[in-house]
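These are the residues of each chain, in order.
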Amino acid sequence: MAAIINVEEWEPLTKLGRMVKEGKIASIDEIFQANLRIQEPEIVAYLLPDLRHEVLSVNYVQRQTDSGEVGQFQVVVAVGDEAGHIGLGIGKARQMRQARDKAYKNALLNMIPVRRGCGSWECSCNRPHSIPFTVWGKSGSVEIKIMPGPRGLGLVAGETAKRVLALAGIKDAWTKTRGRTRTTLNFAFATFNALKQTYKIRLLKSI
């Protein structure tokens, strides 16, 4: 599926894209640090050539139009480099492949950095195998709490969360969930939203 992004023939349409293609920006982390908006999926594919992807769910949905019901495939795709970057996207189209390609490109556009660390008091190895602190995420009825785990624990999580965490480069973590976790879309986005919190500033209450 990654072949749909051909970076060799890519002609940038944005200023950021041109800077990347010209070598003025050599790392995607420079883009995140400058808080720049990524508007071309090729930017991510160019800077992160070793991305992996997984199709998390495929559903056939229908919507009502003036001419009757129209059916479409809805695909959810997760993309990551297993080293602190993860993206999640949704694609809809009448054909399965088109929906999948749309989801893949949207996942690249939604790429976020994930801060990794060793926040478990049981470990303290200072290696980036888990997350530095507990984070929470929510999407629809699904809520997830992700807690740092000691090295060697693995991912104690539902299948959808495991796949998202693994693509982000998280190897050890505890999780606690509630809500309709059988809804893959919400479960995936709740996990994704929790990982976003690893770069939020934590304010400690004064004692």
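Residues numbered from 1 in each chain as written. Predicted model: local features only at pLDDT ≥ 70, side-chain atom pairs only at ≥ 80, totals over all residues. Heavy atoms only, no water.

Peer 1: Explain the pairing of strand β3 (residues 85-93) to me, using residue names and the numbers behind them.
Peer 2: Every other side chain in a regular strand lies on the same face of the sheet, so the side chains alternate between the two faces. Summarising burial for β3: 7 of the 9 residues are buried, a large majority. Direction of pairing for strand β2 (residues 68-80) relative to β3: antiparallel, over a ladder of 8 bridges. The residue bridging G80 from the neighbouring strand is I86, located in β3. Adjacent in sequence and paired antiparallel, β2 and β3 are bridged by 4 residues, among which E82 carries a positive phi angle near 60°. Here β3 pairs with strand β4 (residues 112-113) via 2 bridges, running antiparallel. The partner of H85 across the bridge, within β4, is P113. (Buried < 20%, exposed > 50% of the residue type's maximum accessible area, 1.4 Å probe, protein only. Helix = DSSP H or I, 4+ residues; strand = E, 2+ residues; numbered from the N terminus. Pairing = 2+ DSSP bridges.)

Peer 1: Which residues make up the sheet that holds strand β6 (residues 142-148), and what values do they have?
Peer 2: Note on sheets: strands pair through backbone hydrogen bonds, and any given pair is parallel or antiparallel. Within the open sheet, the 4 strands sit side by side as β5-β6-β8-β7. Their pairing is mixed. Every other strand in the sheet has two partners, leaving β5 (135-139) and β7 (155-156) as the edge strands with one partner each. Judged from the 2 bridges that link them, β7 and strand β8 (residues 173-178) form a sheet pairing that is parallel. Its bridge partner being in β8, V156 is matched across the sheet by W174. Its contacts with the sheet put helix α6 (residues 184-196) on β5, β6 and β8, and the angle it makes with β5 is roughly 145°. (Contact = heavy atoms within 4.5 Å. Axes fitted to C-alpha atoms, helices over the stretch in contact; angles between N-to-C directions.)

Peer 1: Kindly report on unusual backbone geometry, identifying the contributing residues and their values.
Peer 2: Phi at N35 takes a positive value of approximately 55°, unusual for a residue other than glycine. In this structure, N126 is a non-glycine residue whose phi angle is positive, near 65°. With respect to the helices and strands, N126 occurs in the loop between β4 and β5. For N126, a relative accessible area of 71% translates into the label exposed.

Peer 1: An account of the sheet that holds strand β1 (residues 52-65) is requested, with residue identities and associated values reported.
Peer 2: Spatially, β1-β2-β3-β4 is the arrangement adopted by the 4 strands of the open sheet, whose pairing is antiparallel. Of all the strands in the sheet, just β1 and β4 have a single pairing partner and so form its edges. Sheet analysis places β1 next to β2, joined by 13 bridges and oriented antiparallel. Along β2, the bridge assignment pairs H53 with V79. Its contacts with the sheet put helix α4 (residues 96-109) on β1, β2 and β3, and the angle it makes with β3 is roughly 150°. Its contacts with the sheet place α6 against β1, β2, β3 and β4, and it is angled at close to 150° to β3.

Peer 1: Describe the packing of aromatic side chains, listing the residues and the values that go with them.
Peer 2: A complete count under the given rule lists 3 aromatic pairs for this structure. Seen from their ring centres, Y60 and F73 are 5.3 Å apart, and the 70° between their planes marks the pair as edge-to-face. Pair noted here: Y60 is in strand β1 and F73 is in strand β2, with a separation of 13 residues, a long-range link. With relative accessibility at 52%, the residue Y60 sits in the exposed group. Residue classification places F73 among the partly exposed positions, given a relative accessible area of 25%. Between the aromatic rings of F189 and F192, the centroid separation amounts to 6.2 Å while the plane-to-plane angle is 80°, which identifies the pairing as edge-to-face. With F189 and F192 both in helix α6 and 3 residues apart, this pair spans about one turn of that helix. Classification of F189 as buried rests on a relative accessible area of 18%. (Phe/Tyr/Trp six-rings, centres within 6.5 Å; stacked < 30°, edge-to-face > 60°.)

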